Amino acid sequence: MHKGHKENRGYFITFEGADGCGKTTQIGLLAEYLNKKNIENILTREPGGSDLGVHLRKILLHYEAPVSNVAETFLYLADRAQHIEYKIKPALEAGKIVLCDRHTDSTLAYQGYGREQDLDKIKYLNDIATAGVKPDLTIVFDIDSEIAQKRLGGEKDRLEAEGLEFHKKLRFGYLDIAKKDPKRVKVIDANQSIERVFEDTLKVIEEFLNI
Ligand code: TMP
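Anyway, here's the lowdown on the structure attached to this text. (Residues numbered from 1 in each chain as written. Predicted model: local features only at pLDDT ≥ 70, side-chain atom pairs only at ≥ 80, totals over all residues. Heavy atoms only, no water.)

1. Quick look at the nonpolar core
Ile13, Leu30, Leu34, Ile97, Leu99, Ile139 and Phe141 are the most contacted members of the largest nonpolar core, which totals 26 residues. When residues of this core are traced back to their parent elements, those giving at least two are β1 (12-16), α1 (23-36), β3 (97-101), β4 (137-142) and α8 (194-209). Here this core gets seven residues from one element, more than from any other, and that element is α8. Those residues in contact with Phe141 that sit more than four places away from it in its chain are Phe15, Glu16, Gly17, Cys21, Lys23, Gln26, Ile188, Ala190, Val197 and Thr201. (Core = buried A, V, L, I, M, F, W, Y, C linked by side-chain atoms within 4.5 Å. Buried < 20%, exposed > 50% of the residue type's maximum accessible area, 1.4 Å probe, protein only. Helix = DSSP H or I, 4+ residues; strand = E, 2+ residues; numbered from the N terminus. Contact = heavy atoms within 4.5 Å.)

So this is what it looks like as structure tokens:
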């Protein structure tokens, strides 16, 4: 398995990208693939990966009155802190692979690059929320913003409804995050078909896990 890794601890793999990039389909395909190979894994997501998080997700995506940028950030962080403590950390300690649909880079991309809040402050707050647990590997699904908007279709949640300009900021943010941390963050071209994107995803995963 991967070099420089604490023995007996599982691997923490996060999937990231702007709305409409297809990461949720891809992470589902990956979980199926690992299950077939009898590689123990859990599939989870943020927001909403813990019991408390299920409630926070409803507020975050569907609350209808205005939500301040700071309040929004803290709600995502609360979801994350609970998720790390009660689900992610125990699974990693049990030696499982944790596949997580969105994590810290989403807060950097959306609340940082998207909402234009200070990136260093968000990193600091992310560190508090995760108690220092960090993804071993992150895959960013990069998609053209116009194509993503079309994929999203009619019914949109609070964040999805932000529109094209916001989406472009997210795309820029994710590519910037990847540029600054190329060892951990791999970018995949998500403009291709589901099958081609999954081939690229598997290449990254197989190389990383050495399977
Ligand atoms: P999902 O629909 O991909 O599960 O994500 C829910 C929405 O929440 C999505 O629009 C991205 C947004 N989000 C943030 O703005 N900040 C965060 O920290 C996370 C985890 C998600």
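2. Focus on the layout of surface pockets
Here the second largest pocket is characterised by a volume of approximately 470 Å³. As for the second largest pocket, its lining consists of 26 residues, and the residues nearest its centre are Asp19, Lys23, Glu46, Arg57 and Arg102. Elements supplying a minimum of two residues to the lining of the second largest pocket: α1, β2 (41-45), α2 (51-62), α3 (69-93) and α4 (104-114). Examining the composition of the lining of the second largest pocket, we find that four residues originate from one element, α4, more than from any other. In terms of residue class, the lining of the second largest pocket is made up of eight nonpolar, eight polar and 10 charged. (1 Å grid on protein atoms, 1.4 Å probe; cavity = no way out; pocket = protein on both sides within 12 Å on 5 of 7 lines; lining within 4 Å. Points joined across faces, edges and corners; volume = space filled by probe spheres on them. Nonpolar A, V, L, I, M, F, W, Y, C, P; charged D, E, K, R; others polar.)

3. Digging into the site of the ligand
Taken together, 14 residues sit near the ligand, with Asp19, Tyr76, Arg102, Thr107 and Gln111 positioned nearest. Side-chain polar atom of Asp19 to an oxygen atom of the ligand: 2.9 Å apart, as the coordinates give it. At 2.7 Å from an oxygen atom of the ligand is found a side-chain nitrogen or oxygen belonging to Arg102. Bound to the protein, the ligand loses 95% of the 480 Å² it would expose on its own. The cavity that encloses the ligand is the second largest pocket. (Near = heavy atom within 4 Å. Polar contact = N/O pair within 3.5 Å; in protein donor to acceptor, adjacent residues only side chain to side chain. Areas by Shrake-Rupley, 256 points an atom, 1.4 Å probe, with all protein chains shown as cover. Sits in = over half its atoms within 2 Å of the grid points.)

4. Quick look at empty space enclosed by the protein
The final tally for this structure, using the stated rule, is two cavities of 30 Å³ or more. Forming the walls of the largest cavity are Gly17, Ala18, Cys21, Val140, Phe141, Asp142, Ile143, His167, Arg171 and Tyr174. Secondary-structure elements contributing two or more residues to the lining of the largest cavity are β4 and α7 (164-180). When the residues that make up the lining of the largest cavity are grouped by side-chain class, the tally is six nonpolar, two polar and two charged.

5. Overview of the side chain of Arg158
Mapped onto the elements, Arg158 comes out in the loop between α6 (145-152) and α7. Reaching out from Arg158, the side chain makes a polar contact with the backbone oxygen of Leu60 at a distance of 2.7 Å. Looking at Arg158, its side chain comes within polar contact range of the side chain of Glu72, at 2.8 Å.

6. Details of the pattern of salt bridges
In the structure shown here, the tally under the stated rule is 16 salt bridges. The partner of Asp101 in a salt bridge is Lys23, and the shortest N-O contact between them spans 2.7 Å. Separated by 78 residues along the polypeptide, Asp101 in strand β3 and Lys23 in helix α1 bring together distant segments of the chain. The burial state of Asp101 is the same as that of Lys23; both residues are buried. Across the pair Glu46 and Arg80 runs a salt bridge whose closest N-O atoms are separated by 2.6 Å. Remark: Arg80 occurs in helix α3 and Glu46 occurs in the loop between β2 and α2; sequence separation between them is 34 residues. The buried category is assigned to Glu46, whose relative accessible area is 4%. (Salt bridge = Lys/Arg side-chain N within 4 Å of Asp/Glu carboxyl O.)

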